[in-house]
Number of protein chains: 2
Amino acid sequence: MTGFSGIDMATSFPNLITVDRRLTKPLYRQIYDSFRTRIVRAELRAGQPVPSSRELARELRISRLPVLNAYAQLLAEGYFESRVGAGTFVASGLGAEIRATPSGERPIAKHAAALPKYERPSWAASLGPFQVGQPDVQSFPMEIWSRLVSQYARRMRVKGLQYGEAMGLPELREAIASYLRTSRGVHCEAAQIMIVNGSQQALDLATRVLLDAGSSAWVEEPGYWLVHHALRAAGCRAVPVPVDAEGLDVAKGIRLSRKARAAFVAPSHQYPLGVTMSASRRFQLLEWAQRAGAWIIEDDYDSEYRYDSMPIAALQGLDGNARVIYIGTFSKVMFPSLRLGYIVIPPDLVERFAAMRQCIDLCPSHANQAVMTEFIREGHFARHIRRMRPVYAQRRRVLIEELQREFGDSAELAGDAAGMHLAMFLRGLRNDRKVAAKAVEHSLWLSALSASYIGNAPRQGFVLGFGNTRESQIANGVRLLKKCVASD
Amino acid sequence: MTGFSGIDMATSFPNLITVDRRLTKPLYRQIYDSFRTRIVRAELRAGQPVPSSRELARELRISRLPVLNAYAQLLAEGYFESRVGAGTFVASGLGAEIRATPSGERPIAKHAAALPKYERPSWAASLGPFQVGQPDVQSFPMEIWSRLVSQYARRMRVKGLQYGEAMGLPELREAIASYLRTSRGVHCEAAQIMIVNGSQQALDLATRVLLDAGSSAWVEEPGYWLVHHALRAAGCRAVPVPVDAEGLDVAKGIRLSRKARAAFVAPSHQYPLGVTMSASRRFQLLEWAQRAGAWIIEDDYDSEYRYDSMPIAALQGLDGNARVIYIGTFSKVMFPSLRLGYIVIPPDLVERFAAMRQCIDLCPSHANQAVMTEFIREGHFARHIRRMRPVYAQRRRVLIEELQREFGDSAELAGDAAGMHLAMFLRGLRNDRKVAAKAVEHSLWLSALSASYIGNAPRQGFVLGFGNTRESQIANGVRLLKKCVASD
């Protein structure tokens, strides 16, 4: 086996077998040594097909005889085996792999060393009820998307194969600007929009453009763990500022770190508490930023769905001083593996963002951008949001009912007015992380609230996603949740 | 017009018009104010369609009467205009745009401020002869790729819509590992392969994982400008080490900066000089790295095509101490807008690279990875390389002939044994950048050699790409080049 799911693809790759006529070593011996070395070093693997002697002779521009001699010897010594009608292969049971062994000093970057351990994400294992940040991909209009992808494939032009601009595809930037102005109250022109590979790239990029190592930045406490990571990777200090029922407590932020260089907030639907930042807090935050010369990074990752109340305009639209960097993503409305998000950049900073983006990965890939543009143009995007709103609203209603039925007064729910998750504080819960770890055995993917705090969590509980939890799974999921909690 | 290429898409986006029953202000007045404000602020644009009164009433869950009253007033005051049979629209000639005006202190990161100005890349304007780094996308087997994309679209599964792993799609990593072992002599298992968005992301990621701000790193002089940018963005110091006919001069590097933390090299086909690093230099470099505790970042961006000599194995395969980070890309063999590349990471560092990658953009997008895997599996990848080699070899031959004919002894050519570009030094040339800037007027895209130096360029000349220069364009291109040079 080549280690590659049974397909004899390796034979088609050019082989690194070389000969040199200037050497005194005979050609057949050079070929023999070349194969033997590569087999011993496990560069060629047991079961991997070997080019025919005719093919190899042609490639090396030599006569076939030395190749035949070398093959005969490799067969005789058991490095090769031939199968009737199938050709010649590297023999099985060979190849003690010689690995490079780390030795000596191997210092890595301090900020890289300081990052928390990477763990294979739960969704890579399997999906289950209550997973956070997962939209209902089952309900995604796959036939439409698939049709647009096929249409793109049929119409592919040479121009679309070339490098693109660091800012992204102009047509998609136009479409997004129009959407953000109309639906999110964002002040923007297409020239300010940069297409990124999901909102995480936007967070990282904004950090690298705006903050120096050692800079302080406000983060919401509790907050989104990958904001903390992005700051740590850049050597910045995250200052946890408490979130209450009105969102980030600006007065407390000022007391904790008046001179912070930035604030990272999710005012539409905070993660994990789900709070919507009040109007007065929004103005306080903007006022502080202007006085402190600070930036506001507004992560509007989950703002498309609101259930009882009217839509709420983005903080960016209130900003008179070009201090807000607005971030959005298609991961939650479309599907996560699309990896498409966007940043709205103050006009005078567009060029600096582009320069940094070019260093990071040049430009976004073309195909997904082009298909997304068509999806918006043909109206499917707005239609999909409209169609999903009652679906999620219903899941949310059922989830709240079930939680109230099972947990009664011991549970306090928060942040259920929007988005695809809510927060549940549970009286008497001692170790939410332990419960979450245990719940995995029941295929229940809970996010412990305490894991979202940089400091100590004042209360324990869970973030419950209902985006990818079918209505029929909810009642049983909540009962299982109760069982897990009972064993705490 | 909505600013969006004539498509009335904006009407389908949910509008941010809100009412609040608790206010004393009548509902019709709230609606009127809401529209007026959004028009004055240019959030709604001239010509943009307005929802019908019936639709809006339904959305706001109010009766239709206040909506009709508000619309009547907006029409009367000229904010709206109605077109028979087409509906109601925002009137044209309105909307003084209120822009956020930058004011106060607005410090950005020092490393971001220090990056060179971002310029719209030449290929965004048009393509022309001699552009560097552009493969011949005209010869790309578009029908096959397009068929695989359509096939992917038809078979799309829900699992493919979810978030992926930071390392990339396992099947593609297997395919790449097999390719690199067989064709490039790279020692690797699939577990060491990370899929990235092109080689630039690999350069940036490796820099962030391995180097601290203030660290020194050897770079080739002359060398690839985006390596310089990546180092600058991370606050590192690039130490230019001269390249001669054997590649990077390791002894000089040691004299310049013995304790550098890393060396960035392109040993297969150096950019811009096109040199292949000699075996003895390779061993010197590995030995220095082991003694200094340094990393080697091997950029194998352009190694698939060699013309006269045998293929040369990657430096990584010679490394016994797990100090080489190997970087490759599909941009040159496939097409640039694919944005797919890969890193081979020493096993003990895989987890740190994954942790940093997660901060940067979570994971690569799914579709391109899946289609690329099929393209390799079905043998098209190896076939395409085989098919393109004689095409590029022929262009190279014609280019060399024409250059020799036109420039004779005044031109010295280098680096033509491999890849898709060669370097030409020109005796008597005074200002290669000026000539390159001028050549754009003749749709000739020259890269001035002096622009690849961090220090002063000892000789002037050009890097000439022949990847995307058709054979029929070459003779005329060279004559134009001579004309441009003559006016220097």
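The text that follows walks through the structure, step by step, so that each part is easy to find. (Residues numbered from 1 in each chain as written. Chains lettered and ligands numbered in written order. Predicted model: local features only at pLDDT ≥ 70, side-chain atom pairs only at ≥ 80, totals over all residues. Heavy atoms only, no water.)

Turning our eyes to something else, we now look at helix α7 (residues 170-184) of chain A. Its 15 residues give α7 of chain A an end-to-end C-alpha distance of 20 Å, which sits within 8% of 21 Å, the value for a rise of 1.5 Å per residue. In terms of burial, α7 of chain A is a largely internal element, 12 of the 15 residues being buried. All of the buried residues in α7 of chain A are L172, R173, A175, I176, A177, S178, Y179, L180, R181, T182, S183 and R184 of chain A. On the buried face of α7 of chain A, the contacting elements are β3 (193-196), β9 (324-329), β10 (341-344), α13 (366-377) and α14 (380-407) of chain A together with α1 (27-40) of chain B. Phi for G185 of chain A, located one or two positions after α7 of chain A, is positive at around 65°. (Helix = DSSP H or I, 4+ residues; strand = E, 2+ residues; numbered from the N terminus. Expected span 1.5 Å × (residues − 1). Buried < 20%, exposed > 50% of the residue type's maximum accessible area, 1.4 Å probe, protein only. Contact = heavy atoms within 4.5 Å.)

For the rest of this paragraph, the subject is the relation of the copies chain A and chain B. Between chain A and chain B, the superposition needs a rotation of 180° and an axial shift of 0.1 Å, giving an RMSD of 0.1 Å. Considering both components of the superposition, the chain copies are consistent with a two-fold axis. For chain A, the minimum C-alpha distance to the rotation axis belongs to S150 of chain A and amounts to 2.3 Å. (Least-squares fit on C-alpha atoms with pLDDT ≥ 70 in both.)

With 153 residues of chain A in contact, the opposing surface of chain B contributes 153 residues. Carbon and sulfur atoms make up 55% of the surface buried where chain A meets chain B, a total of about 12500 Å² over both sides. For the interface between chain A and chain B, the tally reads eight salt bridges. Counting across the interface, chain A meets chain B through 66 residue pairs in polar contact (both at pLDDT 80 or more). Taken together, the residues of the side of chain A that touches chain B break down into 75 nonpolar, 42 polar and 36 charged. (Buried area = accessible area lost by both parts, 1.4 Å probe. Salt bridge = Lys/Arg side-chain N within 4 Å of Asp/Glu carboxyl O. Polar contact = N/O pair within 3.5 Å; in protein donor to acceptor, adjacent residues only side chain to side chain. Nonpolar A, V, L, I, M, F, W, Y, C, P; charged D, E, K, R; others polar.)

Residue and element names in this part refer to chain B. As summarised here, the arrangement of the four strands in space is β11-β12-β14-β13, forming an open sheet in which the pairing is antiparallel. The open sheet has two edge strands with one neighbour each: β11 (411-414) and β13 (447-448). Packed on one face of the sheet, helix α14 (residues 380-407) meets β11, β12 (421-426) and β14 (461-465) and runs near 10° to β12. (Pairing = 2+ DSSP bridges. Axes fitted to C-alpha atoms, helices over the stretch in contact; angles between N-to-C directions.)

Next up on the list: unusual backbone geometry. Backbone phi values are negative for most residues with the exception of glycine, while trans is the configuration of most peptide bonds. A cis geometry characterises the amide bond from Y271 of chain A onward to P272 of chain A, with omega recorded as 5°. Inspection of the secondary structure puts P272 of chain A in the loop between β7 (262-265) and α11 (279-292). A positive phi angle is found at S443 of chain B, which is not glycine, with a value near 55°. Within the fold, S443 of chain B resides in the loop between α15 (432-439) and β13.

Taken as a whole and judged by the stated rule, the model has 48 salt bridges over all chains. We note a salt bridge from K252 of chain A to D249 of chain A, for which the minimum N-O separation is 3.9 Å. For R184 of chain B, the salt bridge goes to D300 of chain B, with nearest N and O atoms at 2.9 Å. Remark: D300 of chain B occurs in the loop between β8 (295-299) and β9 (324-329) and R184 of chain B occurs in helix α7 (residues 170-184); sequence separation between them is 116 residues. In terms of burial, R184 of chain B and D300 of chain B fall into one category: buried. In this structure, a network of salt bridges that share partners links the residues K25, R29 and D33 of chain A.

Moving on to helix α2 (residues 53-60) of chain A. All names here are of chain A. For α2, the full list of buried residues reads S53, L56, A57 and L60. Down the axis of α2, the buried side of the element spans an arc of 100°, and every buried residue falls inside it. Among the exposed residues of α2, those oriented more than 90 degrees off its buried face are R54 and R58. Where α2 is buried, its residues touch α1 (27-40) and α3 (64-76). Among the residues trailing α2, R61 stands out with phi positive, at a value near 55°. (Arc of directions from axis to C-beta.)

Looking now at the pairing of β9 of chain B. All names here are of chain B. Counting buried positions along β9 yields six of six residues, so the element is predominantly enclosed. Burial of β9 is two-sided: the residues V324, Y326 and G328 facing one way and the residues I325, I327 and T329 facing the other way are all buried. Pairing of β9 with strand β10 (residues 341-344), which is carried by four bridges, proceeds in the antiparallel orientation. Residue pairing for β10: G328 is matched across the bridge by Y342.

Residue and element names in this part refer to chain A. Spatially, four strands are ordered β11-β12-β14-β13 in an open sheet, and the strand pairing comes out antiparallel. Two strands bound the open sheet, and with one partner strand each, they are β11 (411-414) and β13 (447-448). In terms of strand pairing, strand β12 (residues 421-426) meets strand β14 (residues 461-465) through five bridges, oriented antiparallel. Looking at β14, one finds that M424 is bridged to F462. Helix-sheet contacts for helix α15 (residues 432-439) involve β13 and β14, and the interaxial angle to β14 is about 40°.

With that settled, consider the packing of aromatic side chains. Under the definition given, this model contains 30 aromatic pairs over all chains. Between the aromatic rings of F140 of chain A and F375 of chain A, the centroid separation amounts to 5.8 Å while the plane-to-plane angle is 25°, which identifies the pairing as stacked. Of this pair, F140 of chain A sits in the loop between α5 (122-125) and α6 (142-155) while F375 of chain A sits in helix α13; the two residues are 235 residues apart in sequence, bridging distant segments of the chain. Given the relative accessible area of 0%, F375 of chain A is considered buried. Arranged with centres 5.4 Å apart and planes meeting at 90°, the rings of F330 of chain B and F381 of chain B form a pair that is edge-to-face. Of this pair, F330 of chain B sits in the loop between β9 and β10 while F381 of chain B sits in helix α14, and the two are 51 residues apart along the sequence. Given a relative accessible area of 1%, F381 of chain B falls into the buried group. Among the aromatic side chains, those forming a connected cluster through ring pairs are F140, W145, F335 and F375 of chain A. (Phe/Tyr/Trp six-rings, centres within 6.5 Å; stacked < 30°, edge-to-face > 60°.)

Okay, the side chain of R352 of chain B next. Take R352 of chain B: it is sitting in helix α12 (residues 350-361). Taking the relative accessible area as the measure of exposure, R352 of chain B reaches 11% and is therefore buried. For R352 of chain B, the residues in contact, after removing those within four places along its chain, are I108, A112, A113, A114, L115, P116, K117 and Y118 of chain A together with V209 of chain B.

Attention now moves to the packing of α7 of chain A against α13 of chain A. All names here are of chain A. Across the interface, α7 lies against α13 with an axial gap of 9 Å and an inter-helix angle of 40°. Judged by the inter-axis angle, α7 sits oblique to α13. You can see that α7 and α13 cross each other, and the crossing is left-handed. Residues E171, L172 and A175 of α7 lie in contact with α13, whose contacting residues are Q369, M372, T373, I376 and R377. For the contact of α7 with α13, the per-class residue count stands at four nonpolar, two polar and two charged. (Parallel < 35°, antiparallel > 145°, perpendicular 65-115°, else oblique. Left-handed = near helix turned anticlockwise from the far one by under 90°.)

A few words now on the environment of L340 of chain A. All names here are of chain A. Here L340 lies in the loop between β9 and β10. We classify L340 as buried; its relative accessible area is 3%. In this structure the C-alpha to C-alpha distance between L340 and M372, which are 32 residues apart in sequence, comes to 8.9 Å. Beyond its immediate sequence surroundings of up to four residues, L340 is in contact with I195, V196, N197, G198, T329, F330, S331, N368, Q369 and M372.

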